[in-house]
Amino acid sequence: MFIDQVNDHISLKLPAATDANGILDLINSNRMQLAEWLPWAKGMVAVSDEQKFLQYGIEKMAHGDFWFTIILVDNEPFFRFRIAEFSHENQRAQIGYWLADQYQGMGVMTLCLAHVEQIAFTELGLNRLELIADVKNNKSRAVATRRGFHEDGILKEYLLYNGQFHDVAMYSKLKSE
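All values derive from a computational prediction rather than experimental measurement.

Scoring rules and cut-offs
Residues numbered from 1 in each chain as written. Predicted model: local features only at pLDDT ≥ 70, side-chain atom pairs only at ≥ 80, totals over all residues. Heavy atoms only, no water. Helix = DSSP H or I, 4+ residues; strand = E, 2+ residues; numbered from the N terminus. Rg over C-alpha atoms; globule rule 2.2 N^0.38 Å. Buried < 20%, exposed > 50% of the residue type's maximum accessible area, 1.4 Å probe, protein only. Expected span 1.5 Å × (residues − 1). Arc of directions from axis to C-beta.

Some words on the overall build of the protein
Along the protein, the regular secondary structure elements total five helices and eight strands. Listing every helix and strand of the protein by position from the N terminus yields β-β-α-α-α-β-β-β-α-β-α-β-β. Since a compact globule built from 177 residues should have a radius of gyration of about 16 Å, the 16 Å found for the protein is in line with a globular shape. Overall, the protein is about 40 × 40 × 35 Å in size when its C-alpha atoms are taken along their principal axes.

Below, the structure is given as structure tokens:
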């Protein structure tokens, strides 16, 4: 099992199908907050749903088109981080994440994003990271700003979820920054 220590309490763990129960428990206890911004949260209701997603992610990682990790706080899972939408020819990808409600506002996401940026720029060979956040998701937008991501603009009606189109802010960060 791969574990990358971020600090004394936080570490990154590559997911395995055996993590499905713990992650689904987190989703269940944070479903209302997650569903506000992440449409998949409503449909992730059974352990088999999470197992399928984990297997999908593991297979995509093997092909270099996806990267994800589980963030452990004191060895307990508390959120998931992913890098997807790879454009290998342009050396860019998008970052996405979610954090269990009880750890929001404590700097965990900002610290982990810094660590994942290093992985993306050094190990994955990326030059540009992109992050999109609903314009109303102030917490996610604040994390991007704290980590030095630049707001590139607002994409009008970019995502359709919860039955409505949503505007998103596009952020980016370059390896040289």
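Don't stop here, the text continues.
Overview of unusual backbone geometry
A positive phi angle, close to 50°, is found at D74, a residue other than glycine. You will see that Q91, though not glycine, has its phi angle at about 50°, which is positive. When you line up the elements, Q91 lands in the loop between strand 4 (76–87) and strand 5 (92–99). We classify Q91 as partly exposed; its relative accessible area is 41%.

Focus: helix 3 (residues 47–62)
Under the 1.5 Å per step criterion, the end-to-end length of helix 3 is 23 Å for 16 residues, consistent within 8% with the ideal 22 Å. For helix 3, the full list of buried residues reads E50, L54 and G57. All buried residues of helix 3 project into a common sector of 60° when viewed along the axis, lining one side. Turned more than 90 degrees away from the buried face of helix 3 sit K52 and A62, all of them exposed. One or two positions beyond helix 3, positive phi appears at G64, with a value near 80°.

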